[in-house]
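# Fold and contact review
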Amino acid sequence: MYIKDLAAAAEQSTTIKGWVTNKRESKGIVFLVMRDGTGFCQCVVALDNCGEQVFEQARSLSMESSVALTGKVVLDEKQIGGVELQVSNVEVFQVAEEYPISKKEHGVDFLMDHRHLWLRSSRQWAIMRIRNTIIYSIHKFFQEQGFLQMDAPIFTGNACEGTSNLFETDFYGDPAYLSQSGQLYGEAMAMAFGRIYTFGPTFRAEKSKTRRHLSEFWMIEPEMAFYDIFQNMDVIEGMLHTVIREVLNTNKAELDLIGRDTAILESSLKPFPRMTYDEAVRIIRGEQDVNGVNSITSLRQAWKETQERHDAVLKDIEEREAKIATPGMKKGEIGFHQNKIQELRNELRDLEEDLRNIPQWIESAENFRYGNDFGGSDETVLTRLFDVPVMVYDWPHEVKAFYLKRSAQDPSKARGVDVLAPEGYGEIVGGGERETDLHLLQEKIVEHQLPMEAFEWYLDLRRFGSVPHSGFGLGLERLVTWVCKLKHVRESIPFGRMYGRLLP
Ligand code: 4AD
Ligand code: MG
């Protein structure tokens, strides 16, 4: 039986198979917390109940040992999952070697080196379950509306999002690139099927370590014939509303486990503000407030509060260190303080990072040059001011991809749209209306110094029944990172690939 179903078997005898995540002993009783992938459950092995041999077997179990436990299911509201298993028999698959991940705080590099094991911990378990809900709800959203799911190739002969971050590989002696985006193939399929979406891996060679960049990430790219940029925004909003609603409905326990305050997710079920690039620039520079809040003054306030917290944490660490040093302190108490100190040190590192970042955000916001693309810090400055994703459209055409349609009202603008997640997260979706004019597209390809012959097939889409159409790309890991409020995108994917990380 799976742990998630135990409550239905109250007062019955059953067997669960799983791993020991925690063990505690008191006289004549061993408490085992078990996990089986579906949930967690406290199992009580009492000497009186199961006899000497079974009891000794339970005592011998180490963390992450694999076992089958048989016993009676008893409802108990105080326990995780609302049940307890009163064990009568233990069958051991393996007594695990000393497990490298313990309850004490570990550094991120250590955890990433042990990602294959780290995935078992409850927090990672919760994140992956939320990721699963997000994937499922995206498919559901598009399938229910009759979109066709298509798989774009991974080996490609042309760039889509510029040449600076292509992974080159050898394709029978010719250079090929790992796909940066399935969009161009999606456009071809949209001309055959009307509305399609891709859901597949994409690759960007980003030689920098940021919280937002992976070298391999999963992208969802819908493409819709006869949709303009505003209908495109309706699809983005509908999709994100569906995802958020499904996560709130399905993953209450997981959100709770990772400590995600759901207020922002709930408020994100309302319509997303839509603003032009010009308006967003005024907000970033502090020339226009959002609900009475100014970007620059609120950053200064945040810096002050961060500094105060920083000082308080530092003091707390010093006090605990002094306590540990006092003679006669009990081992358990020392362990408690050491754990807390490690936690505080981790917080301190984050606070120090904020203290370094915020002045840079202020500086880049104050000096933002009209016409530039947004950098990570500009997105952070803007989205800190909102409790819901915002859509920024009509970008200076020079800073956006070659395929975007030029605005009829203002030819200096391209009809691109970026969706920026609140709480400082920034871009999760990039998309827009596509250029339909063959000659403008050819000009753009030359301007971007892309090889024309590799795009001839794409240009055919403008030669044979060209229609207005739009689409977008959603970065799955960026969305998971925001929904779970993770500090870094690396925790949003089972085995992240990024600069400096190819193992495990
Ligand atoms: O904005 P991007 O580059 O747009 C495209 O690739 C278009 N062809 C999409 C389209 O219109 N069909 O990427 C789309 C999204 C970004 O908004 C971001 O969420 C994600 O993909 N993304 C990344 N996620 C993680 N790591 C990276 N290095 C990413 N680069 C882009
Ligand atoms: Mg983008």
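Residues numbered from 1 in each chain as written. Chains lettered and ligands numbered in written order. Predicted model: local features only at pLDDT ≥ 70, side-chain atom pairs only at ≥ 80, totals over all residues. Heavy atoms only, no water.

### With respect to the environment of aspartate 311
- Within the element layout of this structure, aspartate 311 appears in helix H10 (residues 295-325).
- Along the backbone, aspartate 311 and histidine 448 are 137 residues apart, and their C-alpha atoms lie at a distance of 50 Å. (Helix = DSSP H or I, 4+ residues; strand = E, 2+ residues; numbered from the N terminus.)

### Some remarks on the packing of aromatic side chains
- Taken as a whole and assessed by the stated rule, the structure comprises 17 aromatic pairs.
- When the centroid spacing of 5.1 Å and the interplanar angle of 80 degrees are considered together, the rings of phenylalanine 40 and tryptophan 125 count as edge-to-face. Placement of the pair is phenylalanine 40 in strand E3 (residues 40-46) and tryptophan 125 in helix H4 (residues 122-144), with a sequence separation of 85 residues.
- When the ring of phenylalanine 402 is compared with that of tyrosine 403, the centres are 5.4 Å apart and the planes differ by 75 degrees; the resulting orientation is edge-to-face.
- Residue class for tyrosine 403 comes out buried when judged on its relative accessible area of 7%.
- Residue placement shows arginine 24 over the ring face of phenylalanine 31; its charged tip is 4.3 Å from the ring centre. (Phe/Tyr/Trp six-rings, centres within 6.5 Å; stacked < 30°, edge-to-face > 60°. Buried < 20%, exposed > 50% of the residue type's maximum accessible area, 1.4 Å probe, protein only. Lys NZ or Arg CZ within 6 Å of the ring centre and 35° of its normal.)

### Looking at the domain arrangement of the chain
- One can read the domain layout of the chain as domain 1 (3-94), domain 2 (117-270 + 452-492) and domain 3 (297-364).
- Here domain 1 and domain 2 have C-alpha centroids that lie 41 Å from each other.
- Residue-level contacts link seven residues of domain 1 with four residues of domain 2.
- Summed over both sides, the interface between domain 1 and domain 2 buries roughly 440 Å², with carbon and sulfur atoms accounting for 55% of that surface.
- When residues of domain 1 are sorted by the area they lose upon contact with domain 2, Arg35, Gly37 and Phe40 head the list and together hold 69% of the total.
- Here domain 1 is connected to domain 2 by one salt bridge.
- A salt bridge links glutamate 64 to arginine 120; its shortest N-O distance comes to 2.9 Å. (Domains from an automatic or database assignment. Contact = heavy atoms within 4.5 Å. Buried area = accessible area lost by both parts, 1.4 Å probe. Salt bridge = Lys/Arg side-chain N within 4 Å of Asp/Glu carboxyl O.)

### Let's talk about the layout of surface pockets
- Here the second largest pocket is characterised by a volume of approximately 330 Å³.
- Elements with a contribution of two residues or more to the lining of the second largest pocket: H4 and helix H7 (252-257).
- With three residues, H7 is the largest single contributor of residues to the lining of the second largest pocket.
- When grouped by side-chain class, the residues that make up the lining of the second largest pocket number eight nonpolar, four polar and three charged.
- Mapping the lining of the second largest pocket onto the domain boundaries places at least three of its residues in each of domain 1 (3-94) and domain 2 (117-270 + 452-492). (1 Å grid on protein atoms, 1.4 Å probe; cavity = no way out; pocket = protein on both sides within 12 Å on 5 of 7 lines; lining within 4 Å. Points joined across faces, edges and corners; volume = space filled by probe spheres on them. Nonpolar A, V, L, I, M, F, W, Y, C, P; charged D, E, K, R; others polar.)

### Description of empty space enclosed by the protein
- Counting across every chain of the model gives one cavity of 30 Å³ or more.
- Each pocket or cavity is described by its volume, and for the largest cavity that value is around 30 Å³.
- Taken together, Thr156, Asn158, Ala159, Cys160, Gln180, Ser181, Leu184 and Tyr185 make up the lining of the largest cavity.

### Structural notes on the packing of helix H11 (residues 331-366) against helix H12 (residues 376-383)
- As a packed pair, H11 and H12 sit with axes 9 Å apart at the nearest point and diverge in direction by 90 degrees. For the element pair H11 / H12, the angle class is roughly perpendicular. Contact with H11, carried on its side by Trp361, Ser364 and Ala365, involves Ser377, Asp378, Thr380 and Val381 of H12 and no other residues of that element.
- Residue composition of the contact of H11 with H12, grouped by class: three nonpolar, three polar and one charged. (Axes fitted to C-alpha atoms, helices over the stretch in contact; angles between N-to-C directions. Parallel < 35°, antiparallel > 145°, perpendicular 65-115°, else oblique.)

### Remarks on the site of ligand 1
- For ligand 1, the set of nearby residues contains 22 residues, the closest of which are Glu161, Gln183, Glu221, Glu427 and Ile428.
- In this structure, glycine 475 approaches ligand 1 through a main-chain N or O atom, which is 3.3 Å from an oxygen atom.
- Expressed as a share of its isolated accessible area of 620 Å², the protein-covered part of ligand 1 is 94%.
- No other element matches strand E15 (residues 426-433), which puts five residues into the shell around ligand 1.
- Tallied by class, the residues present in the shell around ligand 1 amount to seven nonpolar, seven polar and eight charged. (Near = heavy atom within 4 Å. Polar contact = N/O pair within 3.5 Å; in protein donor to acceptor, adjacent residues only side chain to side chain. Areas by Shrake-Rupley, 256 points an atom, 1.4 Å probe, with all protein chains shown as cover.)

### Details of the sheet that holds strand E16 (residues 469-475)
- Read across the open sheet, the eight strands follow the order E6-E10-E11-E16-E15-E14-E13-E12; overall the sheet is mixed. The sheet is open, and its two edges are formed by strand E6 (148-150) and strand E12 (274-276), each paired on a single side. Strand-to-strand twist across the sheet, computed as the mean angle between neighbouring axes with direction ignored, equals 25 degrees.
- Summarising the sheet, E15 and E16 pair through five bridges and their orientation is antiparallel. Considered in E16, the bridge of glycine 432 is made with glycine 471.
- Across the sheet, H4 is in contact with E6, strand E10 (195-203), strand E11 (216-225) and E16; its angle to E10 comes to roughly 150 degrees.
- The sheet strands contacting helix H5 (residues 183-193) are E6, E10, E11 and E16, and the helix crosses E11 at an angle near 30 degrees. (Pairing = 2+ DSSP bridges.)

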